[in-house]
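Results of the structural survey
Letter by letter, the chains look like this.
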Amino acid sequence: MYTLGEFIIENKDHYPYSIESLLRLFSSIKLASKEIHKEVNKAGLTRKIIGSSGKVNIHGENQQKLDNFAHKTFVESFKNRDVVCGIASEESKNIIIIEKHVNNNISEDKYIVLIDPLDGSSNIDVNVPIGTIFSVYYKKKKSISKNIITIKDFLQVGRQQVLAGYIIYGSSTILVYSIGNGVHGFTLDPSIGAFYLSHPNIRFPNNEKIYSINEGNYYRFSYGIRKFIKYCQEEKENRPYRARYIGSLVGDYHRNMIHGGIYIYPKTASSPKGKLRLLYECNPIAFLTEQAGGLATNGNFPILDIIPKALHQRTPFICGPKNIVNKLKEFINYEKK
Ligand code: AHG
Ligand code: MN
Ligand code: MN
């Protein structure tokens, strides 16, 4: 029975930076996720955590009380460790700079963290899995020498991530992460508050069987996406695939990575740039996807190669096992001809 901490130490040779700083970063992620686990599990009992906060966030979406709680809990937890110098959150318009950690001289241990504190907000009230997604970089070399943090530290290309992962608050609470050495999952034992290794080295199975897309938008999709949906439904070879979509990226992705399936959130007539956020949702999930042997693309380019231009940038998003993602790309390319 490996705890997360033991596993990180055991695999320290695969991490090119300070393992101590990684452990400190993880201790803040673990602490915040346990706080959220606790609240989520009593959500039916206390009204203070369910429902709208009455505010609209930067994306024009209704902010839920739990969005707010998760944002504050993670930000406080990161502030209280010495290793994070900047935070960007889906729930905050601007970047959060932690001055005291920018200005001290231990420059090599400075992480930039981007989070979607609560993913799947629409599912909070109905006991469907929700999650937290995190993406971590080092601050850029120039910032280290000048001891400043700028927006450029946050707009790094996804391939530069040093750590990415998510926590799923589902039938159990599971933390899944990668430092570029495979994807590993740890289940929380709530009775003692420890995360134990339960899913070592997760890989997408090759016999893909699932497609996940909000098909209610069918007539808003491009011709290629619509043709692909019909391909998934065809009675041929190992098809039809099963349709599974709950509307929590973390929940849909976790299932697809374990059982084998493609997740698609394309651009639509009403969201021409896509819906999901490149920095908080797509980059970390794309990092895990490549580490689990799959592909993540916006339809034209690998997600991890997109140069971000803005903090809250959106992108079309497709991820899953290589075979089926390549099949979808054939439909998209055919459409372009
Ligand atoms: P968030 O709750 O962080 O705003 O994210 C919601 C996202 C994602 O989790 C999910 O896959 C997608 O929105 C669902 O969107 P639709 O309801 O349009 O399908
Ligand atoms: Mn989200
Ligand atoms: Mn969110």
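Residues numbered from 1 in each chain as written. Chains lettered and ligands numbered in written order. Predicted model: local features only at pLDDT ≥ 70, side-chain atom pairs only at ≥ 80, totals over all residues. Heavy atoms only, no water.

1. Section: the pattern of salt bridges
Condition: The salt bridge definition used is simple: a Lys or Arg side-chain nitrogen within 4 Å of an Asp or Glu carboxyl oxygen. Only DSSP runs of H or I reaching four residues or more are called helices, and only runs of E reaching two or more are called strands; each is numbered from the N terminus. Buried residues are those whose accessible area, probed at 1.4 Å on protein chains only, stays under 20% of the maximum for their type, while exposed residues exceed 50% and partly exposed ones sit between those limits.
Taken as a whole and judged by the stated rule, the model has 13 salt bridges. Taking the shortest distance from any N to any O, the salt bridge between Glu330 and Lys327 comes out at 3.2 Å. Here Glu330 pairs with Lys327, and both are found in helix H9 (residues 322-336), just 3 residues apart, close to one helical turn. Judged by relative accessible area, Glu330 falls into the partly exposed class, the value being 48%. Lys327 sits in the partly exposed class, given a relative accessible area of 26%. It is possible to trace a salt-bridge network through shared partners that takes in Glu61, Glu90, Arg277 and Glu281.

2. Some thoughts on the site of ligand 1
As a reminder, the rule being used: Consider each residue's heavy atoms; a residue with any of them within 4 Å of a molecule or strand counts as near. Here a polar contact is recorded for every N or O atom pair within 3.5 Å, except that within protein the pair must consist of a potential hydrogen donor and a potential acceptor, and residues adjacent in sequence are included only if both atoms are side-chain atoms.
Near ligand 1 you find 18 residues, and of these Asp119, Gly120, Tyr245, Tyr263 and Tyr265 are the closest. Here an oxygen atom of ligand 1 and a side-chain polar atom of Tyr245 are 2.5 Å apart. With respect to ligand 1, the backbone of Leu249 contributes an N or O atom lying 2.9 Å from an oxygen atom. Looking at the shell around ligand 1, the elements that each hand over two or more residues are strand S5 (111-119) and strand S13 (261-265).

3. A look at the coordination of the manganese ion (ligand 3)
Octahedral metals with six donors have ideal donor angles of 90 or 180 degrees. Tetrahedral metals with four donors have an ideal donor angle of 109.5 degrees. For clarity, the threshold we go by: The rule for donors is simple: an N, O or S atom within 2.8 Å of the metal counts, and for Na, K and Ca the reach is 3.2 Å. Water is not among the atoms, so a site may look short of donors.
Within the first shell, the manganese ion (ligand 3) binds the protein through Glu90 (OE), Asp116 (OD) and Leu118 (O), at distances of 2.2 to 2.3 Å. Each donor residue of the manganese ion (ligand 3) lies on the same chain, and together they follow the pattern E-x25-D-x1-L. A separation of 3.8 Å is found between the manganese ion (ligand 3) and the manganese ion (ligand 2), which share Asp116 as a coordinating residue.

4. As for the packing of helix H2 (residues 19-41) against helix H3 (residues 65-79)
Note the following rule: Lines fitted to the C-alpha atoms define the axes, with helices restricted to the stretch that makes contact. Angles between their N-to-C directions range from 0 to 180 degrees. We call two directions roughly parallel when the angle between them is under 35 degrees, roughly antiparallel when it is over 145, roughly perpendicular when it lies between 65 and 115, and oblique otherwise. Handedness of a crossing follows from how the near helix is turned relative to the far one, being left-handed for an anticlockwise turn of less than a right angle and right-handed for a clockwise one. Residue contacts are defined here by distance: any two heavy atoms, one from each residue, within 4.5 Å place the two residues in contact. As a working rule, the residues Ala, Val, Leu, Ile, Met, Phe, Trp, Tyr, Cys and Pro are called nonpolar, Asp, Glu, Lys and Arg charged, and the rest polar, with Gly in that last group.
Viewed as axis vectors pointing N to C, H2 and H3 meet at an angle of 155°, and their least axial separation amounts to 9 Å. As far as their axial angle goes, H3 and H2 are roughly antiparallel. In the crossing of H2 with H3, the sense of the turn from one axis to the other is right-handed. Across the interface between the two elements, Leu25, Ser28, Ile29, Leu31, Ala32, Ser33, Glu35, Ile36, Glu39 and Val40 from H2 touch Leu66, Phe69, Ala70, Thr73, Phe74, Ser77 and Phe78 from H3. Here the contact of H2 with H3 is composed, by residue class, of 11 nonpolar, 4 polar and 2 charged.

5. Digging into the sheet that holds strand S3 (residues 84-89)
As a reminder of what qualifies: Only strands that DSSP links by at least two bridges are regarded as paired with each other.
Judged by pairing direction, the sheet is mixed, and its 8 strands sit side by side in the order S4-S3-S5-S6-S7-S8-S9-S10 without closing on themselves. With partners counted over all chains shown, the strands left at the sheet margins are strand S4 (96-97) and strand S10 (194-199), one partner each. Lying on the sheet, helix H7 (residues 249-259) is in contact with S5, strand S6 (130-138), strand S7 (163-169), strand S8 (173-178) and S10; it crosses S7 at an angle near 105°. Sitting on the sheet, helix H8 (residues 278-291) touches S3, S5, S6, S7 and S8, and the angle it makes with S6 is about 80°.

6. Some points on the packing of aromatic side chains
Our working rule: Aromatic pairs are defined between Phe, Tyr and Trp rings, using the six-membered ring for Trp, whenever the two ring centres lie within 6.5 Å; interplanar angles under 30 degrees are classed as stacked, those over 60 as edge-to-face, and all others as tilted. Definition used: whenever NZ (Lys) or CZ (Arg) falls within 6 Å of the ring centre and also within 35 degrees of the ring normal, the charge is taken to sit over that ring.
Using the criterion set out here, one finds 16 aromatic pairs in the structure. Ring geometry for Tyr166 and Tyr253: centres 6.1 Å apart, planes at 90°, overall edge-to-face. Residue Tyr166 is found in strand S7, and its partner Tyr253 is found in helix H7; the two are separated by 87 residues along the sequence. Each member of the pair, Tyr166 as well as Tyr253, carries the same accessibility label: buried. With a centroid separation of 6.0 Å and an interplanar angle of 25°, the aromatic rings of Tyr177 and Phe186 are classed as stacked. The pair Tyr177 / Phe186 is uniform in exposure class, with both members buried. Connected via pairs of aromatic rings, a cluster forms that spans Tyr2, Phe7, Phe26, Tyr177 and Phe186. Here the basic side chain of Arg239 rests over the ring of Tyr231, its NZ or CZ set 3.7 Å away from the ring centre.

7. A closer look at the domain arrangement of the protein chain
To keep it simple, the criterion reads: An automatic or database domain assignment provides the domain bounds reported here. Throughout, the accessible surface (probe 1.4 Å) given up by two parts as they are put together, summed over both, is called the buried area.
When its domains are assigned, the protein chain resolves into domain 1 (4-199) and domain 2 (210-336). For domain 1 and domain 2, the distance between their C-alpha centroids amounts to 24 Å. Between domain 1 and domain 2, the residue contacts involve 48 residues of the former and 33 residues of the latter. The junction of domain 1 with domain 2 conceals about 3,000 Å² of combined surface from both sides, 63% of it contributed by carbon and sulfur atoms.

8. A word on the sheet that holds strand S12 (residues 242-243)
Strand order in the open sheet formed by 5 strands is S12-S11-S13-S15-S14, and the pairing between neighbours is mixed. Bordering the open sheet on either side are S12 and strand S14 (294-297), each of which pairs with just one other strand. When strand S11 (residues 210-212) meets S12, the two strands line up parallel, connected through 2 bridges. Counted as the bridge partner of Ile210 is Arg242 from S12. Each of S14 and strand S15 (317-321) touches H8; the most contacted strand, S15, lies at about 20° to it. Along the sheet, H9 makes contact with S13, S14 and S15, crossing S15 at roughly 140°.

9. Thoughts on the environment of Ile97
Among the secondary structure elements, Ile97 is positioned in strand S4. By relative accessible area, Ile97 is classed as partly exposed at 33%. Considering only alpha carbons, one finds Ile97 and Lys227, 130 residues apart in sequence, at a separation of 46 Å.

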